[in-house]
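A closer look at the structure
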Amino acid sequence: MKKINEEQLYTSSTIDPDGDQVYYLFDWGDRSDSRWLGPYESGESIIKSFSWEEQGTFTIQVKAKDEFDAE
């Protein structure tokens with residue numbers, strides 16, 4: 001369970017098979033998301049922080065796409 005206004009750090013990375021730059025979208029599980037972040041180099045790890053405004057248990061998901069919008 002996440003605490004209210006307690007910042008959490010999340011790391012993600014992906015490798016694009018063509019070596020294209022990539023973008024990430026974090027879904028925070030509370031009906032909000034990070035919007036598309038990037039571009040980043042293929043294989044580069046990124047760190048994103050987030051804090052919730054309400055207490056609860058949330059499922060965090062990350063989506064990646066390349067610079068040509070292939071997800």
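Above this text sits the structure in question.
Here goes a summary of the coordinates provided. Since this is a predicted model, take the numbers as computed values, not measurements. (Residues numbered from 1 in each chain as written. Predicted model: local features only at pLDDT ≥ 70, side-chain atom pairs only at ≥ 80, totals over all residues. Heavy atoms only, no water.)

Some remarks on the nonpolar core
Here is a general trend for soluble globular proteins: nonpolar side chains tend to be buried in one another's company. We apply this condition: Among buried residues, those of type Ala, Val, Leu, Ile, Met, Phe, Trp, Tyr and Cys that are joined through side-chain atoms within 4.5 Å constitute a nonpolar core. Note on classification: 1.4 Å probe, protein chains only; a residue is buried when its accessible area is under 20% of the maximum for its type, exposed when over 50%, partly exposed between these limits. Segments assigned H or I by DSSP are reported as helices when at least four residues long, segments assigned E as strands when at least two residues long, and all are numbered from the N terminus.
Core analysis: the largest hydrophobic core is formed by ten residues, namely Tyr10, Val22, Tyr24, Phe26, Trp28, Leu37, Ile46, Phe50, Trp52 and Phe58. When residues of this core are traced back to their parent elements, those giving at least two are β2 (22-27) and β4 (46-50). In terms of residues, this core owes the most to one element, β2, which gives three residues.

Section: the sheet that holds strand β3 (residues 37-40)
Operational definition: Pairing between strands requires that DSSP locate at least two bridges from one strand to the other. To obtain each axis, a line is fitted to C-alpha atoms, and for helices this fit is confined to the stretch in contact; angles are then taken between N-to-C directions over 0 to 180 degrees.
Spatial strand order, β3-β2-β5: three strands in an open sheet with antiparallel pairing. Single-partner strands in this sheet number two, and they are β3 and β5 (61-66). Neighbour-to-neighbour, the strand axes of this sheet turn through a mean angle of 25°, independent of strand direction.

Observations concerning the packing of aromatic side chains
Put simply, the rule reads: To pair, rings of Phe, Tyr and Trp, with the six-membered ring standing in for Trp, must have centres within 6.5 Å; the planes then decide the type, stacked if under 30 degrees apart, edge-to-face if over 60, and tilted in the middle. Put simply, a charge is over a ring when the Lys NZ or the Arg CZ is close to the ring centre, within 6 Å, and near the line of the ring normal, within 35 degrees.
Evaluation of the coordinates by the stated rule reveals eight aromatic pairs. Note on tyrosine 10 and tryptophan 52: the rings are 6.4 Å apart at their centroids and 85° apart in plane angle, and the pair reads as edge-to-face. Taken as a pair, tyrosine 10 in strand β1 (residues 8-12) and tryptophan 52 in the loop between β4 and β5 lie far apart in primary sequence, 42 residues in all. Residue tyrosine 10 shares its accessibility class with tryptophan 52, and that shared class is buried. In textbook terms, an aromatic cluster arises when at least three aromatic residues are bridged by ring pairs, as seen for Tyr10, Phe26, Trp28, Phe50, Trp52 and Phe58. The ring of tyrosine 23 carries the charged tip of lysine 65 above its face, separated from the ring centre by 5.9 Å. The cationic tip of lysine 65 hangs over the ring face of tryptophan 36; the distance from NZ or CZ to the ring centre is 4.5 Å.

A look at the pairing of β1
The two faces of β1 differ: Gln8, Tyr10 and Ser12 on one face are buried, but Leu9 and Thr11 on the other face are not. Relative to β4, β1 runs antiparallel, the two being bridged by five bridges. Bridge pairing in β4 places threonine 11 opposite isoleucine 47.

Bear in mind that shape data such as this cannot, by itself, settle questions of function.
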